[in-house]
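Here's the letter readout for the chains.
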Amino acid sequence: MNRMPVVFSGHGSPMVALENNEITKGMSSVGEMVIEKYGKPKAILAISGHWYVGETFVQSAEHPKQVYDMYGFPQALYDVTYEPDGCRELTDTVLAALGNDVTINDKWGIDHGTWTVLVHMFPQADIPVVQLSVNGYLNAQQSYELGKKLRGLRDEGYLIFGSGNVVHNLRRVEWDNEGGTEQAHRFNDYITDAVQKREDWKVIHFENGPDSSYAVPTPDHFLPLLYCLGASEGEEPLVFNNVCNLGSMAMTGFAFGL
């Protein structure tokens, strides 16, 4: 079996689930390429910045619930249904890979960091999904090292999918700004260049990048990228959706193995 890819995608506003634009077409294109090149993944291990807790948890639910963890949006967004099955085999594989560093927890579900992107990448919701939490007590280096332990999952037919944002600053969002600020572009360009060159140490030490405190005021949405880099160490990325929007968001995605 060919080694499955690793995909990191920006998700930005939850409204992306309802949109049909160049960004959502980019997401769809990546999903289509995965299927075309490798066939349907056995299951997806999803690492979303919205399950940001103090431990490393993995789900085991046969039918994980869809979590609408956003507020104040149009009803149409809450009417979006994306309810893939879980995959106990993947859960057990994660438990074996991470050992004492992971615990089963089914109190969460498939949150909007995951389903707003997967509804475009794999719209049939016919690929099982298991979420892995982002452990807020791990720093960037430790997140990267944990990602390396997950690499073997790819050889068993599992797609590793991270969802967050290279630039994510909710307090500085500009709803009337379709593009990005100068600060957002500077940091996004710095990280994108480092990922393309596989200068992973620059991404691990992202705080040394330009305008890092503006781009990453909290690590929750950035750390999924470190998990993905660890799981794809040394592999060149396909860059997609390399755009900034809402002033302080970057939608940039990376697909490794495509």
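Above this text you will find the structure in question.
Residues numbered from 1 in each chain as written. Predicted model: local features only at pLDDT ≥ 70, side-chain atom pairs only at ≥ 80, totals over all residues. Heavy atoms only, no water.

### Notes on the layout of surface pockets
Right, on to step 1. A volume near 230 Å³ is recorded for the largest pocket.
Right, on to step 2. Lining the largest pocket are 13 residues, with S13, E19, I23, N245 and L246 sitting closest to its centre.
Right, on to step 3. The class makeup of the residues in the lining of the largest pocket is six nonpolar, five polar and two charged.
Right, on to step 4. Taken as a whole, the second largest pocket holds about 190 Å³ of empty space.
Right, on to step 5. G12, P14, F73, H112 and L170 are, among the 16 residues lining the second largest pocket, the residues nearest its centre.
Right, on to step 6. Taken together, the residues that form the lining of the second largest pocket break down as eight nonpolar, seven polar and one charged. (1 Å grid on protein atoms, 1.4 Å probe; cavity = no way out; pocket = protein on both sides within 12 Å on 5 of 7 lines; lining within 4 Å. Points joined across faces, edges and corners; volume = space filled by probe spheres on them. Nonpolar A, V, L, I, M, F, W, Y, C, P; charged D, E, K, R; others polar.)

### Digging into the packing of helix α1 (residues 22-38) against helix α4 (residues 112-121)
Two quantities define a packed helix pair, namely the angle between the helix axes and the distance between the axes.
Right, on to step 1. As a packed pair, α1 and α4 sit with axes 7 Å apart at the nearest point and diverge in direction by 65 degrees. Here α4 runs roughly perpendicular to α1, going by the angle between their axes. Here the hand of the crossing between α1 and α4 comes out right-handed. Contacts between α1 and α4 involve T24, M27, S28, V30 and G31 on the former and, on the latter, V117, H120 and M121.
Right, on to step 2. Of the residues belonging to the contact of α1 with α4, the class tally is four nonpolar, four polar and no charged. (Axes fitted to C-alpha atoms, helices over the stretch in contact; angles between N-to-C directions. Helix = DSSP H or I, 4+ residues; strand = E, 2+ residues; numbered from the N terminus. Parallel < 35°, antiparallel > 145°, perpendicular 65-115°, else oblique. Left-handed = near helix turned anticlockwise from the far one by under 90°. Contact = heavy atoms within 4.5 Å.)

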